[in-house]
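# What the coordinates show
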Amino acid sequence: MKFHLLILGVVVSMALASVLDSFSLECHKAYTSCVENAQKDISEFTSIVDEGKCIPDFGEKCDSLCSKVLDEFTSSAPDSDDDPEKVAVFDGKVKELSRAVDSPLQVLYYKQLGLLREKALGRYRSHSADSAANDYEAMQVADAFFAKEAEAATRGAAGAGWDYAAEQAQLQSTMNELAARNKKLAEATQKAQASQQSILQYLQQQQAQIQALQQQLYGQQGSPWQLALAYRVPDTSINLSGAFQDGRTSIQMTCVPDSSRQYLGQHGFTYGVGPGNLGLSVNLNL
């Protein structure tokens, strides 16, 4: 009798194990189908982010996708009939399915945060370049933009664990570094401008002193008249020129070859001026 009961117990256990295995297999089939369906939406999200574009309301769309996948699994998986072992298998598949869908979405989430950070830095640079805005105001504008867009990209479902605090802190640190560089650059520019202005003032003072010395040397006031004369002695290479400017008179005598030198012999002068046809120039300042 005991032997028969033992055999019966083994048979029942095997039957129950077979039923549980069948339940697990059906749950796995439903799990696989749900993951494949979710992958289509995830692929569309991936192509958008890989193009450098941000998905509007990404967090809400991810919550909707995860809810849809879990509802699909619940409707397609077999009923557990309140069997503790089947319930455990079912709950395990639900958690596994949630992780399978959430993980690739979270990767896209952090990629989108990177894109938002770059956009925020662009806004900071644009506002800080505006002379009417200072670095603090530019940082406020950029940080507010990032916080708003990052919040819209974050899943709101409890337990999702999505957070953008680290990326926001990195953005703020980068903006502080840029602000410090801008301050140093502005200070260096101001020093260079001040130095240039000092040099210009010094040159103006020197020019004024030179003009004062010229007035003392050539008269209290420079003459407004300017006169220049030039005369070439006929049949010679001698040019005489004179000029009157700023109260100074200058007389210049030069020996210039005739323009028709190719017709006048190898030396190119109509008449020789000095030994070896050497040129002569005399300047007289009166």
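Described in the following lines is the structure provided in the data block. Going along each chain's sequence as written, the residues are numbered from 1 onward. At least 70 in pLDDT is required for a residue's local features to be given in this predicted model, at least 80 for side-chain atom pairs to be given and counted, and no such filter applies to totals for whole chains, interfaces and linings, which use all residues. Heavy atoms from the whole structure form the basis of all side-chain values; hydrogens and water molecules are not counted.

### Let's talk about the packing of aromatic side chains
- Any two rings among Phe, Tyr and Trp, with Trp reduced to its six-membered ring, count as a pair given centres within 6.5 Å; such a pair is stacked if its planes are under 30 degrees apart, edge-to-face if over 60, and tilted if neither. Under the defined criterion, the tally for this structure stands at 6 aromatic pairs.
- Their ring planes at 80° and their centres at 5.6 Å tell us that F45 and F58 sit as a pair that is edge-to-face. Taken together, the residues F45 in helix α1 (residues 2–50) and F58 in helix α2 (residues 58–76) connect sequence positions 13 residues apart. Here F45 and F58 have matching classes, each one buried.
- Consider the rings of F146 and Y164, whose centres lie 6.3 Å apart with planes at 75°: the pair is edge-to-face. Of this pair, F146 sits in helix α4 (residues 135–153) while Y164 is found in the loop between α4 and α5 (165–218), placing the two residues 18 residues apart along the sequence.
- Accessible area is worked out with a 1.4 Å probe on protein chains only. A residue is then buried under 20% of its type maximum, exposed over 50%, and partly exposed in between. Since its relative accessible area comes to 0%, F146 is described here as buried.
- Taken together through their ring pairs, the aromatic side chains of F45, F58, Y109, Y110 and W162 make up a single cluster.
- K93 extends its terminal NZ or CZ atom over the ring of Y31, reaching a point 4.9 Å from the ring centre.
- For a Lys NZ or an Arg CZ to count as sitting over a ring, it must be within 6 Å of the ring centre and within 35 degrees of the ring normal. Across the ring face of F145, the terminal group of R123 is positioned such that the distance to the ring centre comes to 4.1 Å. Under the DSSP-based scheme used, a helix requires at least four consecutive residues in state H or I and a strand at least two consecutive residues in state E, with every element numbered from the N terminus.

### Overview of the state of the cysteines
- The criterion for a disulfide is a pair of cysteine sulfur atoms lying within 2.5 Å. Here the structure, examined in full by the defined rule, presents 0 disulfides.
- Free of any disulfide, C62 has its nearest cysteine sulfur in C66, 6.5 Å distant.

### Let's talk about the environment of K53
- Residue position: K53 is located in the loop between α1 and α2.
- Residue classification places K53 among the partly exposed positions, given a relative accessible area of 48%.
- For the pair K53 and L116, spaced 63 residues apart in sequence, the C-alpha separation works out to 9.4 Å.
- Contacts between residues were defined by any pair of non-hydrogen atoms, one from each residue, lying within 4.5 Å. Filtering out sequence-adjacent residues up to four positions away, K53 remains in contact with I48 and L115.

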